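So the chains spell out like this:
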Amino acid sequence: MMSLGRRRILSGLLALFALLTVWRAWELTSSSNSGKVPTKPMTGYTKYEPDKDYFWRTIKHNYPVTSFRPLPTSAPDTLPPVQAAKFPTETAQDKQVRLARQKDVKESFQKAWNAYKKYAWLRDEVKPVSGGAKDTFGGWGATLIDSLDTLWIMGLKQEFDEAVYDVAENAVFLSTRDKQINVFETTIRFLGGLLSAYDLSGDRRLLTKAHNVGDLIYKAFDTPNHLPITRWNLHDAAYGYKQTASSSTLLAEIGSLTMEFTRLSLVTRDPKYYDAVQHISELLAQSQSKSKVPGMWPIIVDAQKEYFDAGALYTLGGMADSTYEYLPKMMALLGQKKGIYYDMYTKSMEAASAKLFFRPMTPHDDDILFPGFLNVDSDDVNRKSSMHPSSGHLTCFTGGMLGLGGQLIQSQEHVSYGEKLTDGCVWAYKSFRTGVMPETFYLTPCPSSSSSSSSSQQEEPCTWSQERWHAEVMRAHSAGGGSKEAESIIKQHRLPPSFSKLGDSRYILRPEAIESVFIMYRVTGDRKWQEKAWEMWKAIDNLTSTKLANSAVKDMNPEDGQPVEMADSMESFWLGETLKYFYLIFSEPDLISLDDWVFNTEAHPFKRLK
């Protein structure tokens, strides 16, 4: 009885210690003045010493892993080049124009960065209209850490040193006032941002912080089957409570941790992180051909039962996107020409091109593609499916993915798909009066889009039909009547030709379209992509610019003469992704060459294993 009582007292003391530790961590983080000016940087810091007493590194795991998959130590293959063999020779005037455009993007970054420093330093986001601050990702300084590699790439080394100093001194990564954290977002923004900044600069303070974030998130894998809790209550975990993966998990949130955890293992030489995500990849590979749409996975999976075909909706867009994106990127990161990631990438794109890609009907017969989404009736014995011609910003990464993947597997067909998908997003930007694309929308597909082969969609003619567009508008709005009513809906919602409905008319500063334009420029070496990027940039900056920075807008398609309503929001990816890609497309092509670096889904470049 005495020993039992002592164990209970000891457990209580440990729990109290955990509570006090994480609460003190929050106090240290939140007590920092949001308007604090960065202090003098610490220079010449190269020694790497992991924080041995870091709480999440010392806490006991309820389901410890006893053996690990071996860590790749070198790239087994020499992959084909990703970047074009030759870029056009510039005249002096061409170079002057390009550098002026790059300077314009850089100045917008500096403007937004200065607003963040003044009004929201060490907080997650600055409010670009009112000048306030808010915490949306644990209060751990999302904009600060997301921007580190952009500062380095843009040559803002003094600002980088100042930022790294405060990251080293203030980024605690122990606890948060949030009830739970999104493991995926924490991984891509914080772990990815720190690893990338370390890869670029070699500053080992950043590796120390990345290592801490990795061990924080690794605790979310402490479940009976070692699959992560993607919406994770870290407070319960700090007390040592046993936890289980969710029976309803988003595909993107469980399948998009591979790059960051693998890179962390490579730089720390600790195989446990790679082992954790490779386990997920192996389960995905085993289930890929068994789903209702062989080659793909639905957006909902059951991580608790390791069932990867729980849902009925299949898409390359939101809630699934980066799982597919990471397949060719893992090939690039590890230097693997064949193997699990090659197999999953080629199978998934074969299915997507056959089932999801569609060509919209346009007045000028544009040769473009979009990925829609497929709904499969799981109760129907024949698995009846319906393809919906809906797309948006979160599918615009697909062009770049296929451009990169096509180069890695030496498939011109994939590169061609990439170009048509990227051109589709550029076309969508140009279709609206403001020059900016909405978050989501529905289109009028060509009649051949009902075909099971996307190649036939590109070869068959798709003549513009006003009547067909009107019919699609009526269907999308569940309306009756004829062309007169359709014209009324088109006027009311300000729909450009081919667009049947705007699902979400916001523009929230997203990077996916410029990401694909950048990759297609680096893949093809064709300067036309720089021109397209410049037109996009002018439209975006004109729509979103505020006195302090740039703001998301509530409606990118306002009525004529009506002012644009600002949302007073600037997510960290504006500085971490969107402006980085705009800057890089106007850089020399060897700056962050895609033959040496690969970007995670938050635009953080990692060194490729060679």
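Residues numbered from 1 in each chain as written. Predicted model: local features only at pLDDT ≥ 70, side-chain atom pairs only at ≥ 80, totals over all residues. Heavy atoms only, no water.

The name an unreviewed UniProt entry assigns to the protein chain is alpha-1,2-Mannosidase, from the organism Conoideocrella luteorostrata. Checking UniProt for the protein chain, the heading Pathway (unreviewed entry) contains the comment "Protein modification; protein glycosylation." Database annotation for the protein chain, UniProt heading Cofactor (unreviewed entry): "Ca(2+)". (UniProt positions renumbered as here; feature names shortened; annotations may be inferred.)

K.L.:
Looking at this structure, I do not really get the sheet that holds strand S12 (residues 390-392). What am I missing?
P.N.:
Strand pairing in a sheet relies on backbone hydrogen bonds, with the paired strands running either antiparallel or parallel. With antiparallel pairing, the 3 strands of this open sheet are ordered in space as S12-S13-S14. Edge positions in the sheet fall to S12 and strand S14 (499-504), since each of these pairs with one other strand and no more. Within this sheet the neighbouring strands show an average axis-to-axis angle of 30 degrees, counted without direction. Examined bridge by bridge, strand S13 (residues 440-443) and S14 share 3 bridges and lie antiparallel to one another. Across the sheet, the residue bridging to tyrosine 442 is lysine 501, located in S14. (Pairing = 2+ DSSP bridges. Helix = DSSP H or I, 4+ residues; strand = E, 2+ residues; numbered from the N terminus. Axes fitted to C-alpha atoms, helices over the stretch in contact; angles between N-to-C directions.)

K.L.:
What am I meant to see in the pairing of strand S10 (residues 373-376) here?
P.N.:
Sheet faces and side chains relate simply in a regular strand, where the side chains alternate between the two faces. Here strand S7 (residues 313-315) runs beside S10; their pairing, made up of 3 bridges, is antiparallel. Paired with tyrosine 314 across the two strands is leucine 374, which belongs to S10.

K.L.:
Help me understand the UniProt feature "active site" (unreviewed entry) in the protein chain, please; the structure alone is not making it clear to me.
P.N.:
Taken from the UniProt record, the annotation "active site" (unreviewed entry) applies to Glu185, Asp321, Glu439 and Glu512. In the annotation above, Glu185, Asp321 and Glu512 are the residues that line the largest pocket. Topologically, glutamate 185 is positioned in helix H7 (residues 183-201). If we ignore the near neighbours within four places in the chain, the residues touching glutamate 512 are His393, Leu394, Cys396 and Phe397. (1 Å grid on protein atoms, 1.4 Å probe; cavity = no way out; pocket = protein on both sides within 12 Å on 5 of 7 lines; lining within 4 Å. Contact = heavy atoms within 4.5 Å.)

K.L.:
Hey, could you run me through the packing of aromatic side chains in this one?
P.N.:
For the coordinates displayed, the defined rule picks out 31 aromatic pairs. Seen from their ring centres, tryptophan 152 and phenylalanine 160 are 5.0 Å apart, and the 70 degrees between their planes marks the pair as edge-to-face. For tryptophan 152, a relative accessible area of 25% corresponds to the partly exposed category. Through successive ring pairs, a cluster of aromatic residues spans Phe358, Phe370, Trp427, Phe432, Phe441 and Phe499. (Phe/Tyr/Trp six-rings, centres within 6.5 Å; stacked < 30°, edge-to-face > 60°. Buried < 20%, exposed > 50% of the residue type's maximum accessible area, 1.4 Å probe, protein only.)

K.L.:
Looking at this structure, I do not really get the layout of surface pockets. What am I missing?
P.N.:
One water molecule sets the probe size; rolling that probe over the atoms shows where empty space is left. For the largest pocket, the calculated volume is near 730 Å³. Lining the largest pocket we find 33 residues, and of these Asn182, Phe184, Glu185, Arg189 and Arg510 sit closest to its centre. Broken down by secondary-structure element, the contributors of at least two residues to the lining of the largest pocket are strand S3 (181-182), H7, helix H10 (251-255), helix H13 (321-334), helix H20 (512-524) and helix H22 (573-585). Counting residues per element, the lining of the largest pocket draws most heavily on H7, which supplies 5 residues. Counted by class, the lining of the largest pocket contains 12 nonpolar, 8 polar and 13 charged residues. (Points joined across faces, edges and corners; volume = space filled by probe spheres on them. Nonpolar A, V, L, I, M, F, W, Y, C, P; charged D, E, K, R; others polar.)

K.L.:
Mind showing me how you'd approach the sheet that holds S7 here?
P.N.:
Spatial strand order, S7-S10-S11: 3 strands in an open sheet with antiparallel pairing. The sheet is open, and its two edges are formed by S7 and strand S11 (385-388), each paired on a single side. Averaged over neighbouring strand pairs, the angle between their axes works out to 20 degrees when direction is ignored. Sheet topology places S10 next to S11; 4 bridges connect them, and they run antiparallel. The residue bridging valine 376 from the neighbouring strand is serine 385, located in S11.

K.L.:
Just to check I follow, could you spell out the confidence of the model for the protein chain for this structure?
P.N.:
Caution is warranted with low-pLDDT regions, since their predicted coordinates should not be read in detail. Within the protein chain, residue pLDDT values average 91, and 90% of them lie at 70 or more. Overall, residues 1-47 carries pLDDT values under 50, and its contacts beyond four positions in sequence, including any with other chains, amount to 60 contacts. In the predicted structure, residues 450-458 sits below a pLDDT of 50 and forms 22 contacts with residues beyond four places in sequence or in another chain. (pLDDT = per-residue confidence, 0-100.)

K.L.:
Whenever I open this one, the pattern of salt bridges confuses me. Can you help?
P.N.:
Pairing is possible between side chains that carry opposite charge, provided their charged atoms lie close to one another. Per the stated rule, a full pass over the model turns up 34 salt bridges. Ionic pairing is found between glutamate 90 and arginine 98, a salt bridge with its closest N-O pair at 2.6 Å. One salt bridge in this structure joins arginine 123 and aspartate 135, with 2.9 Å as the shortest N-O distance. Of this pair, arginine 123 sits in the loop between helix H3 (92-120) and strand S1 (125-126) while aspartate 135 sits in the loop between strand S2 (133-134) and helix H4 (142-146), and the two are 12 residues apart along the sequence. Look at aspartate 135 and you get partly exposed, because its relative accessible area is 30%. One salt-bridge network, in which partners are shared between bridges, spans Glu185, Arg189, Glu571 and Glu602. (Salt bridge = Lys/Arg side-chain N within 4 Å of Asp/Glu carboxyl O.)

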